[in-house]
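Next come the chains, spelled out residue by residue.
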Amino acid sequence: MRRRTTPEAFDPTAVRPWSARLPGLAYGGDYNPEQWPQATRLEDVELMRKAGVNFVSVAIFGWATIEPREGELDWAWLDETMDRLHDAGIQVALATATASPPPWLTRKHPEILPRLADETVLHQGGRQAYSVTHPVHREYALRMAARMAERYGEHPALALWHVDNEIGCHVPRDYSDTAAGAFRDWLRARYGTLDALNAAWGTAFWSQRYGSFDDVLPPLVAPTYANPTQQLDFDRFSSDSLLDYYRDLRDLLRELTPHVPTTTNLMVSSATKGMDYFSWAPELDVVANDHYTAAENPDRHVELAFSADMTRGVAGGDPWILMEHSTSAVNWQPRNHTKTPGEMLRNSLAHVARGADAVMFFQWRQSAAGAEKYHSAMVPHAGQDTDVWRRTVELGRALEALAEVRGSRVEARAAICFDYPAWWGAELDSHPTQALRYPDEVLAWYRALWDAGVTVDVVRPGADLSGYRLVIAPTLYLVTDADAANLAAAADAGATVVVTYFSGIVDEHDHVRLGGYPGAFRELLGVRTEEFYTLQVDETVRVSGGPLDASSADLWTEKTHVSPGTEVVASYDDGQLAGLPAVTRRPTTAGGSAWYVATRLDGAGTAALARTVAGAAQVLPAEAAADGVETVRRWSADGRTAWLFAINHTADDAKVATSGVELLAGGDVDGTLVVPAGTVRVVREAH
Ligand code: GAL
């Protein structure tokens, strides 16, 4: 096996940037050579070169191949793989190989298996059958990671540690006895005393008062609603314990290989609720994300843009790695979608436009056996004479042509707030309606700004908001005093701040802020709601005023009163609340304003209101374009060069005003760029 022979250009004691040895953007995918015979492995590297692949994730599910029986280690295949990749100039995100324990481990130690809320045990035979809090599993996982670091820490192909895989993907909540014990320890640390725990959980209700920490359980299946604060704290604890598992492995790798950066692949999207990735990100040397579009969503490219903008928000604006997506269909949705011509290229470059410096797929070669054999890959079952392979090669060329965008950043003047505890809180049971899905509320506003061509950062409500002219906080049900003050400070500094219904209702313990809704934002917005009026299935009301003309709204209305100085922008035309305020606006200092939207407007109403507030905030589109044409810029550090990405999701050619050099098709652009139907153009502009 190869050891590093050339002198290091980097300070060996500092963490090396993950992309230090790459010429431009990274391109590749999960590479699982353990599934293939030698002849195929040899062909793999040849094909990787043909496609322009320069970065692969290796050994994610390698544990049982490396250690088929306890203590019996077979490194030959991985040694060879690492050397062969290095010889081909391909860098490696090397996994800790811990993503799924080998069968002998769970047989020997069944106590490491996780459990559901009804105490069903999750057995081996699939993957990820381990409890992250179990000390026995932790010990074995650390031992495996240490072996990887000791064996490959100095290998010249190693660029990045890939810790485990999608931690919490299948088991975001573990209700085992070990997890219960860890939950109690977490609660002791959070609350210090039982009195504090009892107060926070409101246990005077329903005879729930605890006399000992030992009586506390995770929210197991119960006759009726579990205590909401117990549920919320279990969500927090679970996210923290999954992160703690990552951190332990990361610390070990740092100790053994201080120069190698570490990450794990997150699942930032509107679908993954389990982990508070804003709190995870500071522990990663580079943020890596996996994203899959949903077949049933005709606007999946908008959800993709949202995920990318939120991944950038999680990364604090830094470039990030798209660690997985799919070349075509996946295998795990009810009816999977084969990508249309151009869709994979648009998907990939939309991630790059929004800050990705790497485009990777699950997986390199489509498996012949196992549960994912019908999941697309870069090399499909049918081989090279296929659409998928030609598109894989085409994407490689495109990424080569875009090498110069690496390291550049997206700048946004608009922000949408997203908060995991607010998500957990908003969707608790025993609420005014069970029909509310927090990410849908956020996505509705995101969609309106996407349609308007406005570039948005998706950030947590406690983020530095000083750079934004427009800040939207949809359904921020649970909010801390500090975060509420942060939003108010933005409005007082001149930003246009929009808060929507069922926001500011509870504190971090899920206790209602008394005196009228939306508690934490009453003063900022200059409103007081006395009662919620939720609507039944198919029930709608009409809203008129300002940009709204008999706009339809559903799900939620409120009996809202305005304070002096607050203007009623729009009111209900009909229903129980006819004539009362539905949208309000309070001017703040420095030309800012605070808007309240007390109902759920339909798409057209949300779009009209979004354009009005963007106009008030003087937030402009990246570049005006026809509906369905996405425009975003990445900027060089000195602000003198920008790369305008124009992604045409429509069936017609589109025009965008810009001048500069087009990098994908090549050629100078003087005033008008033509973006052919279904494809992407990227123009280097001088500013
Ligand atoms: C991810 C996972 C990969 C693969 C992929 C399929 O969740 O990390 O290993 O299973 O999904 O879409």
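Reading the values: rules and limits
Residues numbered from 1 in each chain as written. Predicted model: local features only at pLDDT ≥ 70, side-chain atom pairs only at ≥ 80, totals over all residues. Heavy atoms only, no water. Helix = DSSP H or I, 4+ residues; strand = E, 2+ residues; numbered from the N terminus. Rg over C-alpha atoms; globule rule 2.2 N^0.38 Å. Buried < 20%, exposed > 50% of the residue type's maximum accessible area, 1.4 Å probe, protein only. Contact = heavy atoms within 4.5 Å. Areas by Shrake-Rupley, 256 points an atom, 1.4 Å probe, with all protein chains shown as cover. Near = heavy atom within 4 Å. Polar contact = N/O pair within 3.5 Å; in protein donor to acceptor, adjacent residues only side chain to side chain. Nonpolar A, V, L, I, M, F, W, Y, C, P; charged D, E, K, R; others polar. Pairing = 2+ DSSP bridges. Salt bridge = Lys/Arg side-chain N within 4 Å of Asp/Glu carboxyl O. Expected span 1.5 Å × (residues − 1). Axes fitted to C-alpha atoms, helices over the stretch in contact; angles between N-to-C directions. Parallel < 35°, antiparallel > 145°, perpendicular 65-115°, else oblique. Left-handed = near helix turned anticlockwise from the far one by under 90°.

## Considering the overall build of the chain
At step 1: Counting its secondary structure elements, the chain contains 17 helices and 27 strands.
At step 2: Its C-alpha radius of gyration of 26 Å places the chain within 12% of the 26 Å reference for a compact globule of 687 residues.
At step 3: For the chain, the spread of C-alpha atoms along the principal axes amounts to about 75 × 75 × 45 Å.
At step 4: Buried residues in the chain amount to 59% of all 687 residues.
At step 5: Excluding contacts between residues fewer than 6 apart, the proportion of contacts in the chain whose partners are at least 24 apart in sequence is 71%.
At step 6: Carbon together with sulfur atoms contributes 50% to the accessible area of the chain, which is approximately 25,900 Å² in total.

## Let's talk about the site of the ligand
At step 1: Taken together, Phe61, Arg127, Asn165, Glu166, Asp290, Tyr292, Glu324, Trp332, Phe362, Glu372 and His375 make up the full set of residues near the ligand.
At step 2: Between glutamate 324 and the ligand, the recorded distance is 2.7 Å, taken from a side-chain N or O atom to an oxygen atom.
At step 3: In the environment of the ligand, an oxygen atom lies 2.7 Å from a nitrogen or oxygen atom belonging to the side chain of histidine 375.
At step 4: In terms of residue class, the shell around the ligand is built from four nonpolar, two polar and five charged.

## Considering the sheet that holds strand β12 (residues 456-459)
Neighbouring strands of a sheet are bound in pairs by backbone hydrogen bonds; such pairs are parallel or else antiparallel.
At step 1: Read from one edge of the open sheet, ten strands run β12-β11-β13-β14-β21-β20-β19-β16-β17-β22, paired in mixed fashion. A single partner strand is all that each edge strand has here, and the edge strands are β12 and β22 (600-601).
At step 2: Where strand β16 (residues 540-545) lies against strand β19 (residues 567-572), two bridges are found, and the strand directions are antiparallel. Across the sheet, serine 544 pairs through a bridge with serine 571, a residue of β19.

## Focus: unusual backbone geometry
At step 1: The residue after phenylalanine 362, namely glutamine 363, is reached through a cis peptide bond having omega -5 degrees.
At step 2: Mapped onto the fold, glutamine 363 is located in the loop between β9 (356-361) and α12 (387-401).
At step 3: Following tyrosine 517, the chain continues to proline 518 via a peptide bond in cis, the omega torsion being -10 degrees.
At step 4: Positioned with a positive phi, alanine 97 is a non-glycine residue whose angle comes to about 65 degrees.
At step 5: In this structure, alanine 97 sits in the loop between β3 (91-95) and α4 (103-108).
At step 6: Although it is not a glycine, glutamine 618 sits at a positive phi angle of roughly 55 degrees.
At step 7: Residue placement: glutamine 618 occurs in the loop between α17 (603-616) and β23 (629-635).

## Concerning the pairing of β12
At step 1: Every second residue of β12 is oriented toward a common face, with Val456 and Val458 on one face and Asp457 and Val459 on the other, all of them buried.
At step 2: Sheet analysis places strand β11 (residues 414-417) next to β12, joined by four bridges and oriented parallel. Counterpart to alanine 414 in the pairing with β12 is valine 456.

## Quick look at the pattern of salt bridges
At step 1: Overall, the coordinates contain 47 salt bridges when judged by the stated rule.
At step 2: With its nearest N and O atoms 2.8 Å apart, the salt bridge here joins glutamate 119 to arginine 115.
At step 3: Using a relative accessible area of 16% as the deciding quantity, one classes arginine 115 as buried.
At step 4: With its nearest N and O atoms 2.6 Å apart, the salt bridge here joins glutamate 685 to arginine 633.

## Description of helix α8 (residues 228-256)
At step 1: Given a rise of 1.5 Å per residue, 29 residues ought to cover 42 Å, and the 42 Å separating the end C-alpha atoms of α8 matches this to within 8%.
At step 2: Where α8 begins, the capping side chain belongs to asparagine 227, and its oxygen is found 2.8 Å from the backbone nitrogen of threonine 229.

## Digging into the packing of helix α1 (residues 38-51) against helix α3 (residues 76-87)
At step 1: At a closest axis distance of 10 Å, the pairing of α1 and α3 adopts a crossing angle of 25 degrees. Taken together, the axes of α1 and α3 lie roughly parallel to each other. The crossing of α1 and α3 is right-handed. Counting all contacts with α1, which are made through Gln38, Arg41, Leu42, Val45, Met48 and Arg49, the residues of α3 involved are Trp77, Glu80, Arg84, Leu85 and Asp87.
At step 2: Residues of the contact of α1 with α3, tallied by class, amount to five nonpolar, one polar and five charged.

## Focus: the environment of arginine 312
At step 1: The residue arginine 312 is located in helix α10 (residues 300-314) in this model.
At step 2: A sequence separation of 240 residues divides arginine 312 from glutamate 72, and the C-alpha atoms of the two residues are 42 Å apart.
At step 3: With near-sequence residues (within four places) excluded, arginine 312 lies in contact with Gly317, Asp318, Trp320, Arg354, Val410, Thr455, Val456 and Asp457.

## Some remarks on helix α14 (residues 438-451)
At step 1: The end-to-end C-alpha distance of α14 is 20 Å, a good match for the 20 Å that 14 residues give at a rise of 1.5 Å each.
At step 2: Within α14, ten of the 14 residues are buried, leaving the element largely enclosed by the surrounding structure.
At step 3: Within α14, burial applies to Tyr438, Pro439, Glu441, Val442, Leu443, Trp445, Tyr446, Ala448, Leu449 and Trp450.
At step 4: Looking one or two residues beyond α14, the residue adopting positive phi is glycine 453, at roughly 80 degrees.

These results come straight from atomic positions and should not be treated as a statement about function.
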